[in-house]
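Take a look at the letters that make up each chain.
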Amino acid sequence: MDTIMNFAQEIVDVSDPESSGEESEDSRTGSNYDGAGDDSEDDGFEADYEVVNAEKEIEGDFDRLVQDIRQRNDTSLTKDWDITIQEQDAEFLDDLRAASGIGRRKKKKGRTVGPTLSHQVKALLGDGNQAFVDSNLPSAIGIMQEVIRIEPRAAQAWSVLAQCFEDLKQPQKALQLRIMAAHLRHDAEEWDKLAMQSKELGYHQQALYCYRKVYSLDPSNVGALWDRASLAKEIGDLRTARHSLLAILKLIPHDLNVLSEIRTILIELNDLVTCADLFQKALDYYQARIPSGVGPALDPGSSTLPSDVSGGGFNLLNILVLADLYNTLGEYEKGIQVIKRGCRWLQGRMDQKYWDLFDDDREYDTESVDRSGRGSDKEPTTRPSGNIDSGRFTLDVNARHRLAVARIKMGDVEEGIMHANIVLNEDIFDYAPLFSEIADAYFERSMFTEARPIYEMLGADSSTSSVYILMQTAGCLRALDEIKEASEIYEHVRTADPNNNEAKMKLAEIYEILNEPRKALDLVYQVIDSRKRRAKEPQATPVPGAPSSSLFTEDRPAKSKSSSRSQNRLSQAQLKELEAEKEKEVLKGYRRVTDIWEAMLKEREEAEVELAKEENWKAHVKRMMEVGTGKEGPMEREWMIEAEKLVEIFRETRNLFLASRNNPFRGMFPKRSAPRRPKNQEEDEERMASRLQLDLEGEKLSRRANKVDGVDIFRGVSFKDWLRLIMQYCFILARRSQYELADEVLRHILMSNAYLTSEYQVVIRLALLACAIYNKNYSVVVEQCRKLITQNQFNNEMYRLLMASLSSGLRPTDFFITSTLQKFLFREMKLIDMATNNPDALKWNPINKRYAPAPTGRKSADVQDEPEDDSDGPGDDVVSTANPEKLTLPTKNNPLVVAIYGQMCVAAKSYQSAIFYLLHAYDYCPNDPMICLSLAIASIGRAMQRQSDNRHHLIAQGMAFLSKYRLLRGSDPAQLSEVDFNFGRAFQQLGLHSHAIKHYERVLEMAENDQTGVEHLAKEAAYNLSLVYVTTGATPLADRLYRRWLSL
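Residues numbered from 1 in each chain as written. Predicted model: local features only at pLDDT ≥ 70, side-chain atom pairs only at ≥ 80, totals over all residues. Heavy atoms only, no water.

An unreviewed UniProt entry lists the chain under the name TPR-like protein, from Dendrothele bispora.

And the structure:
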């Protein structure tokens, strides 16, 4: 019997459900479910054909099993098969009928399939049956074993043998033998019973195998597929569960119970695309079946009359699931459309498709939303009757939350904030997860100012707070430069959860920024010790269980994916040869670009001269537009083609854009002293610990000396020439209305290891600034100016660059008074004041190469941390002074930043605050005409406000500062027109038109009499004077001004 049981046990090698049948099952269920049934024209023939294939597959398992045993020279099976010519002819005729479809033999349920038995085998079967009837079980077992040895495909022998062990109270062995017999009978019901028995005995893998055979023989057996999916999900075999449920959906498309079950499985398998496709097709099906939004639920197994329900069963929850899937996949437009159209359908308004013509969500505006001041980017071409400014239709708070998240993540911030504010008005205890997801969306978009209060609300109560919420709150504070508050939260998390290494590393980074390396190093050492202790802990090894009677290994080890990558790599010599060829190509292209540069400039100058000669101004404007949109000459076209090739070669070289920002470019084939280990978390911790130790010991100079010097040439062209070429290329792109590409190239070059020095960084940022100014992208202007001010602390030229970049106009003024820029300048102003009046309150940050306010209690902490033998080594101040990178602190008060902040308040019409800061600037520099003029503007502006308590005093003060401005500025004859213009503007604002006219006319007179070509304010004065004339009714005089000064 042991031989027979070993023979049965071999089924695991040839009939593993994941090795032999998975591919065939995939072909039947389909990895990409199409959601609809196939045509039923030839269903009968296809069903029979599939059954025939399934039977051949099962018999093939049996044949491979026997062949495998023969190859191993097993003595239990030594007789060859008794296959007769008649049997071969019968099989040939059956195959021929199956292929032609004519005269097919109908399959009878439970028929026995197998070879023609010899007389000896038939005699032994008779003797074995008689012994079994006589209850002589040992004799019956011995005879049936002999039959199986002679003819293993005798199904009757396996059945009788199984019944014998069943009578001997050995159900496990009986079950094994019945499974072997089932391979020879092709009865789906028998396999179903065997699956149930295996499941009852706890043989889950064996049960899954049996269920797969049921599906092979009867693909329409939904119950077996459902049982198989449930069992597979129970034991964690999610792939098998996925295949089974997809097979059910082919039989019963869009079944909501199956969709609900498969959703969790596909999410676990990270197959979100398939999940979204299934739910989208189900939504389309239910919308087409029930256009009204209310109808009978689709329940194929129910015999009762279904009642009408919302969406026919596809309710709001399913719509939310589909929207979440699209948001997770980053397809935010689809998520928004699902919410809007799905909720509209459930509300019975499916025919109101005109709402889709709007880019916003006005269909679901609340009463508190007013869009009168905001226009839609896309208005409908055909407006239906009635008011469609806002639909005011109700929207579930969960659906509105999905809209808010999608709008914020896709960049439609204004619309997203509107939805988010409505959701945030709900009770935080009821909708805490929604609050958290909205805050996460803000955080992902780097909108830390909006995310911070939400995280703080969630963290204020223990029922809504968590470690994740606190960590996100600290992340927001750190991004907003509130370092001290962030460190307090990280410290709180570390105290509450001492094993949270992430909080420790974040806190160590903050301590490093705050120039507290001792505390940072202590935290890093704690993380390293925790990791080492965790690595030394004995891991639980699986204990082998008792011998199982299942045909399969029930406790399957996790399969490890072997990453065997066989790549055809080039040798070092081949790589160097290829690099030499690329260098020749680069040199050839660079020489060509250099040669035609002068010719290109000459071509452009000739084109400009030709435009200047154009008499027809309309044709002139048209030609100017053509030049601006890329209608260049042949030389410029050739130059751009060659330059683009070179720029792309530079950008595609990975050695120029390494992950480490501290290593310069060392050539295409740098010499390496030792192979480096892959970067991981342990290396980050060790590197940070080493860096902190070096900071504490004051060895920065020696560390820089040990660095490998970089090279300043790449493929025969110096980096300066590369940068000049790239900047020229980007400038021409900006002129040709391809600003986005120019900005992308320059930002990419900014990250190159070839341009790590501060000089290169400033040059590239200035190029970014120039392109942004030319294309009037003032958000980038402010961004780059802030970067330059940050990297060049206490340098007034960067502030002047900011003011020159935002010189005049409505849009520059809007960006000049943004809250983020105001806060940034306010922090810089405080730092400058602190550096001048209280330098001890500042500490040098070697990471950012900037001074920063020292934390409270810093001195006491330093005293405690100082070692006793500190006299042998330099202190912190000595080391910082010896550092050549350390900046020199200012010794005098700086009026520039204070004056700029005051002018920012003037532009924002905060005249009271403007007067306060401008008076500070006046104290620092009382003889600056610009400060006096700004004070005059602020004083008169405040006097014109209703909140002013002493108008006359403010007007007198403003005229006093204006008079001092004239005294300081009027000494230069070239600036007299400016002085008169400002006086005229002041009198015009006060309503003293006669005085204003006098000064404006003086400006026009100076412009008429001036022969030096100095630019005057004649046009501005003429325009303001025309306004005065129109106001006073002197329209002929205004018309004369228009014709003389304001006409083309």
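What follows continues from the structure just given.
Draft legend 1. Inspection of the pairing of strand 5 (residues 842–845) at higher detail. Sheet topology places strand 5 next to strand 6 (residues 850–853); 4 bridges connect them, and they run antiparallel. The partner of L842 across the bridge, within strand 6, is P853. (Pairing = 2+ DSSP bridges. Helix = DSSP H or I, 4+ residues; strand = E, 2+ residues; numbered from the N terminus.)

Draft legend 2. Helix 34 (residues 778–791), seen in detail. In this model helix 34 runs 20 Å from its N-terminal to its C-terminal C-alpha over 14 residues, within 8% of the 20 Å that 1.5 Å per residue would give. On the buried face of helix 34, the contacting elements are helix 32 (739–750), helix 33 (758–774), helix 35 (796–805), helix 36 (810–816), helix 37 (819–837) and strand 6. (Expected span 1.5 Å × (residues − 1). Contact = heavy atoms within 4.5 Å.)

Draft legend 3. Region of interest: the layout of surface pockets. In this model, the second largest pocket occupies a volume close to 1800 Å³. Around the second largest pocket sit 42 residues that line it, and Q903, M930, L933, S934 and I937 are the ones nearest its centre. Those elements that provide at least two residues to the lining of the second largest pocket are helix 35, helix 36, helix 40 (895–907), helix 42 (929–943), helix 43 (951–969) and helix 44 (976–990). Among the elements that take part in the lining of the second largest pocket, helix 42 stands out by supplying 9 residues, more than any other. Of the residues belonging to the lining of the second largest pocket, the class tally is 24 nonpolar, 11 polar and 7 charged. Inspection of the lining of the second largest pocket shows a minimum of three residues originating in each of domain 3 (576–609 + 632–664 + 710–841) and domain 4 (888–1046). (1 Å grid on protein atoms, 1.4 Å probe; cavity = no way out; pocket = protein on both sides within 12 Å on 5 of 7 lines; lining within 4 Å. Points joined across faces, edges and corners; volume = space filled by probe spheres on them. Nonpolar A, V, L, I, M, F, W, Y, C, P; charged D, E, K, R; others polar. Domains from an automatic or database assignment.)

Draft legend 4. Expanded view of the packing of helix 37 against helix 40. At a minimum axis separation of 10 Å, helix 37 and helix 40 run at an interaxial angle of 150 degrees. Taken together, the axis directions place helix 37 and helix 40 in an arrangement best described as roughly antiparallel. Where helix 37 crosses over helix 40, the two elements pack in a sense that is left-handed. Across from L821, Q822, L825, F826, M829 and I832 in helix 37, the residues of helix 40 making contact are V897, V898, I900, Y901 and M904. (Axes fitted to C-alpha atoms, helices over the stretch in contact; angles between N-to-C directions. Parallel < 35°, antiparallel > 145°, perpendicular 65-115°, else oblique. Left-handed = near helix turned anticlockwise from the far one by under 90°.)

Draft legend 5. Focus on the UniProt feature "repeat: TPR" (unreviewed entry) in the chain. Mapped onto the present numbering, the UniProt feature "repeat: TPR" (unreviewed entry) falls at residues 188–221 and 977–1010. Annotated as 79% helix and 0% strand, the span residues 188–221 places its first and last C-alpha atoms 9 Å apart. The annotated region residues 977–1010 carries 91% helix and 0% strand content, and the separation between its end C-alpha atoms amounts to 11 Å. (UniProt positions renumbered as here; feature names shortened; annotations may be inferred.)

Draft legend 6. Representation of the environment of A1022 in the model. The residue A1022 is located in helix 46 (residues 1018–1032) in this model. C-alpha separation for the pair A1022 and Y1042, spaced 20 residues apart in sequence, amounts to 7.8 Å. Beyond its immediate stretch of four places on either side in the chain, A1022 contacts L1004, L1041, W1045 and L1046.

Draft legend 7. The arrangement of a nonpolar patch on the surface in detail. Taken together, Y1023, L1027, V1030, Y1042 and L1046 make up a surface patch of nonpolar side chains, about 420 Å² in accessible area. Here the element with the most residues in the nonpolar patch is helix 46; it accounts for 3 residues. With respect to the secondary-structure elements, V1030 resides in helix 46. Take V1030: its relative accessible area is 44%, and that puts it in the partly exposed class. (Patch = residues over 30% accessible without salt bridge, like charges linked within 9 Å, V, L, I, M, F, W, Y side chains within 5 Å. Areas by Shrake-Rupley, 256 points an atom, 1.4 Å probe, with all protein chains shown as cover. Salt bridge = Lys/Arg side-chain N within 4 Å of Asp/Glu carboxyl O. Buried < 20%, exposed > 50% of the residue type's maximum accessible area, 1.4 Å probe, protein only.)

Draft legend 8. Up close: the side chain of E636. Within the fold, E636 resides in helix 28 (residues 634–651). Excluding residues within four positions of it along the chain, E636 makes contact with M600, E603, R604, I732 and R736.

Draft legend 9. View of the environment of F714. Counting through the fold element by element, F714 comes out in strand 3 (residues 713–714). F714 sits in the buried class, given a relative accessible area of 1%. C-alpha of F714 to C-alpha of V586: the two residues are 128 residues apart in sequence and 9.5 Å apart in space.

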